[in-house]
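# Close look at the chain arrangement
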Amino acid sequence: MKGGIELLILKGGTVVTLGEDCRVIEDSGLVIDGETITGVGKSNDILAEYGNKEGVTVKDLGGRLVIPGFLNAHMHLYSSFARGMSIAGPSPKTFKEILERLWWSMDKDLMTEEELYYSALIGAIDSLKSGTTAILDHHASFGMIEGSLDVLEKALKDAGLKGSLCFEVSDRWGPKARDASIEENVRFIRKNANDPFVRAMFGLHASFTLEDETLKRCAEEAEGLNASFHFHLAEGLADVTDARERGYKGVTDRLYELGVLIPGSLAIHGVHIDEPEIELLAKCGVNVVHNPESNMNNAVGVPNVVGMIAKGVNVGLGTDGYTPSMLESAKVAYIIHKHERRDPTVGWTETAKMLFESNAAIFSAHFGKPMGVIKEGAAADLVVLDYYPPTPLTPQNLLGHLIFGIRDSAVNTVIAGGREVVKDHVLVSVDEESVMAEAKKVAERYWKKRS
Ligand SMILES: [Zn+2]
C-alpha cells in the first residue's frame, strides 16, 4: 500500500520500453500506481521491493511481450455505422463524391444520443482490442451537434479508451450548424482541456468547406482557449483547387494566413502539398498525421511523408477510421512508400519514427504526461502481446517484429490509464456481446431512416 492506493505489479514480461533510452528488459517488473508507471526493472528487484506489501496485486505475464499501448493520431469513431452500408446509386467517381454521398450524408443523419454512443463505443472497443490505448478523434454529427462530444466522452470512458475529442467545424450545412459546431468545440475545450482521460482540441473539417471568416473566427476562439486545431489538409485535389480559386497559393498558405497553423495542431494527410508548404508546416510546429490505408481507399494519392520527415515535420500515424488497428496502419505505411517510389530503402526509418517517436511526442504534449514510453512517471498505458520472439529482439528492431511477426489477435491484455480493460483477449470494461447486439439494433434503425 502506498498512500492508500493499491499497486499493480506486472512481472515476468519482456518489456520494450521505447523512448530515448529504449531498452529490452526480459523477466521484467513494472509497478503501476493509479494512472502512472512508478517502477521499471527486473522482476526480482521489483518483487523484492514491493512484493510483500499490503494492497499489491501481482500479475504474471508469462514471458509475453509488453510495449506501450498504440496511439492513434487520427480517428473517426462515428464511421463505425458505415460498416457494410451501401451507397445508393452508381459508385462515387471522385473523392468529393465519396464525401458528399457517404460521409456528409451519414453525419447529417447522426441525430440521437444512442446513435452517437454506440457508434463511438464500437470504435472504442475495436481500438482497445487491437492494442490501442489512446486516440485523437475527429468527430462530425451534424444531426446532433450540441452535447455530441459529451456522448463520445461517455463512450470512451465506459470502454476505458483514452482520447481527445473535437467537432469538425464546417460551413457545408449553413451558418446555424457552423455556429453550433464552433460552440461545441469551445464548450468542450472549456470543460475538458485538463481532463486526464478525455481531452479536447478544436476541430475543423477541411479548408474547402470553410469560409475565410469562419477560419478567422475559429483562430480567434482557439487562441483565447489556448487550444490547437485538428483538421484535414489537402487530402484531395479539390481542396487545392478551392484554395487557389479563393486567391491563395495553396491550402497550407490559406490556413497560415488565416491564423490556423498554431503549434501543436494536427494537419491530417497533406497529400497535395509542395515543398514550400512542407517547410511552412515545419516552421509553424504543426504536426502532420499520415493515414496510408485511407489514402489508398479514397484513391487520393500518397503524401510525401519521406520529404516531410526530412524537412523536420513531426509526422504521426493514424487510421482515419479506415481501421481501428495501428498495427495494420503501420504495416501499410511501411510498404506504401517503397511501392510508390520503387525504392526499397525507404519506409523503415519513417514508419518507426511515426509510430513510436512522433505519435509519442504528439500525445505527450497534448496530455501533458509522457506517453508511448515505459518509464517511471509515464502514463500506465500498455499492451501485452502473445508474442515470444523467435529471433533476437533488440531496442532497434521492434518494428520488424511488429510488421512481420505480430498480429492483432496477439493482443492479450490492455491497460489504459492504469485500468486493465482487456484481459486474456476479453474486454472486461463493458459486456462486448450485449453492446454489439444493441449497436446492431441502433444501426439498423439508423440505416432504415436513411433509406
Ligand atoms: Zn479524417
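None of the values given here were measured: they were computed from a predicted structure.

## Some details on the UniProt feature "domain: Amidohydrolase-related" (unreviewed entry) in the protein
The feature "domain: Amidohydrolase-related" (unreviewed entry), as given by UniProt, occupies residues 65-421 in the numbering adopted here. The distance from the first to the last C-alpha atom of residues 65-421 is 17 Å, and the span holds 44% helix and 16% strand.

## Thoughts on the coordination of the zinc ion
With distances of 2.0 to 2.1 Å, the protein atoms coordinating the zinc ion are His-74 (NE2), His-76 (NE2), His-232 (NE2) and Asp-320 (OD). Classification of the site at the zinc ion as irregular follows from its four donor atoms and the range of 90 to 157° in their angles at the metal.

## Observations concerning the pattern of salt bridges
Enumeration over the complete set of coordinates arrives at 31 salt bridges. A salt bridge links Lys-59 to Glu-420; its shortest N-O distance comes to 2.8 Å. With Lys-59 in strand 4 (residues 56-60) and Glu-420 in strand 17 (residues 419-423), the pair connects residues that are 361 residues apart, well separated along the chain. With its nearest N and O atoms 3.4 Å apart, the salt bridge here joins Lys-216 to Glu-213. With a gap of three residues between them, Lys-216 and Glu-213 both fall in helix 6 (residues 212-225), about one helical turn apart. You can call Lys-216 partly exposed: its relative accessible area is 36%. The class of Glu-213 is exposed, set by a relative accessible area of 55%.

## Here's the deal with unusual backbone geometry
For Ala-234, which is not glycine, the phi torsion reads 45° and is therefore positive. Inspection of the secondary structure assignment puts Ala-234 in the loop between strand 11 (229-233) and helix 7 (237-245). The backbone of His-425 sits at a positive phi, close to 75°, despite the residue not being glycine. Positionally, His-425 belongs in the loop between strand 17 and strand 18 (426-427). Relative accessible area serves as the criterion here: at 34%, His-425 is assigned to the partly exposed category.

## Quick notes on helix 12 (residues 326-341)
Spanning 16 residues, helix 12 covers 23 Å between terminal C-alpha atoms, matching the ideal 22 Å at 1.5 Å per step. Two to three positions downstream of the cap, the backbone nitrogen of Leu-327 sits 3.3 Å from a side-chain oxygen, assigning the N-cap of helix 12 to Ser-325. Directly after helix 12, the chain includes Arg-342, whose backbone phi takes a positive value near 50°.

## So, the nonpolar core
Core analysis: the biggest nonpolar cluster contains 113 residues, and Phe-202 and Leu-204 have the highest contact counts within it. The dominant element in this core, judged by the number of residues it contributes, is helix 3 (residues 113-129), at nine residues. Two domains each donate at least three residues to this core, and these are domain 1 (7-69 + 371-427) and domain 2 (70-367). Contact partners of Leu-204, with chain neighbours within four places excluded, come to His-138, Phe-167, Glu-168, Val-169, Leu-210, Leu-215, Cys-218, Phe-229, His-230, Phe-231, His-232 and Val-260. Listed in part, the 17 residues of the second largest apolar core include Val-15, Ile-32, Ile-374 and Ile-415.

## Notes on helix 3
Taking 1.5 Å per residue as the helical rise, helix 3 with its 17 residues ought to reach 24 Å, and the 24 Å between its terminal C-alpha atoms agrees with that figure. Where burial is concerned, most of helix 3 is hidden: 14 out of the 17 residues are buried. Directly after helix 3, the chain includes Gly-131, whose backbone phi takes a positive value near 95°.

## Quick notes on the domain arrangement of the protein
Quoted interface sizes are often the accessible area lost when the parts come together. Domain boundaries in the protein define domain 1 (7-69 + 371-427) and domain 2 (70-367). The C-alpha centroid of domain 2 is placed 30 Å from the C-alpha centroid of domain 1. Summing both partners gives a buried area of about 2,400 Å² for domain 1 against domain 2, and 71% of it is carried by carbon and sulfur. Counting across the interface, domain 1 meets domain 2 through one salt bridge. We note a salt bridge from Asp-381 to Lys-162, for which the minimum N-O separation is 2.9 Å. Seen at the junction of domain 1 and domain 2, the total is four residue pairs in polar contact (both at pLDDT 80 or more). Elements with a contribution of two residues or more to the side of domain 1 that touches domain 2: strand 5 (65-68), strand 15 (382-385), helix 14 (398-405), strand 16 (411-416) and strand 17. Tallying contributions element by element places helix 14 first for the side of domain 1 that touches domain 2, with six residues. Split by residue class, the side of domain 1 that touches domain 2 holds 20 nonpolar, seven polar and five charged.

## Some words on empty space enclosed by the protein
Going through the model one piece at a time under the given rule, you end up with two cavities of 30 Å³ or more. By volume, the largest cavity is sized at about 80 Å³. Considering the residues around the largest cavity, the lining is formed by Leu-18, Ile-67, Pro-68, Gly-69, Phe-70, Leu-71, Leu-355, Phe-356, Ala-360 and Gly-372. Elements supplying a minimum of two residues to the lining of the largest cavity: strand 5, strand 6 (70-75) and helix 13 (348-367). When residues in the lining of the largest cavity are grouped by element, the largest group, three residues, is from helix 13. Tallied by class, the residues present in the lining of the largest cavity amount to eight nonpolar, two polar and no charged. Residues from two domains meet in the lining of the largest cavity; each of domain 1 (7-69 + 371-427) and domain 2 (70-367) gives at least three. Of the pockets and cavities examined, the second largest cavity occupies roughly 40 Å³. In terms of residue class, the lining of the second largest cavity is built from five nonpolar, three polar and two charged.

## Some points on the packing of helix 5 (residues 175-192) against helix 6
In the contact formed by helix 5 and helix 6, the axes pass within 11 Å of each other and the chain directions differ by 10°. Judged by the angle between their axes, helix 5 and helix 6 are roughly parallel. Of helix 6, the residues touching helix 5 (which contributes Arg-178, Asp-179, Ile-182, Val-186, Ile-189 and Arg-190) are Thr-214, Arg-217, Cys-218, Glu-221 and Leu-225. Among the residues making up the contact of helix 5 with helix 6, the classes are represented as five nonpolar, one polar and five charged.

What counts, and where the lines are drawn
Residues numbered from 1 in each chain as written. Predicted model: local features only at pLDDT ≥ 70, side-chain atom pairs only at ≥ 80, totals over all residues. Heavy atoms only, no water. UniProt positions renumbered as here; feature names shortened; annotations may be inferred. Helix = DSSP H or I, 4+ residues; strand = E, 2+ residues; numbered from the N terminus. Donors = N, O, S within 2.8 Å, 3.2 Å for Na, K, Ca; no water. Tetrahedral: all angles 85-135°; square planar, octahedral: opposite > 155°, others 65-115°. Salt bridge = Lys/Arg side-chain N within 4 Å of Asp/Glu carboxyl O. Buried < 20%, exposed > 50% of the residue type's maximum accessible area, 1.4 Å probe, protein only. Expected span 1.5 Å × (residues − 1). Polar contact = N/O pair within 3.5 Å; in protein donor to acceptor, adjacent residues only side chain to side chain. Core = buried A, V, L, I, M, F, W, Y, C linked by side-chain atoms within 4.5 Å. Domains from an automatic or database assignment. Contact = heavy atoms within 4.5 Å. Buried area = accessible area lost by both parts, 1.4 Å probe. Nonpolar A, V, L, I, M, F, W, Y, C, P; charged D, E, K, R; others polar. 1 Å grid on protein atoms, 1.4 Å probe; cavity = no way out; pocket = protein on both sides within 12 Å on 5 of 7 lines; lining within 4 Å. Points joined across faces, edges and corners; volume = space filled by probe spheres on them. Axes fitted to C-alpha atoms, helices over the stretch in contact; angles between N-to-C directions. Parallel < 35°, antiparallel > 145°, perpendicular 65-115°, else oblique.

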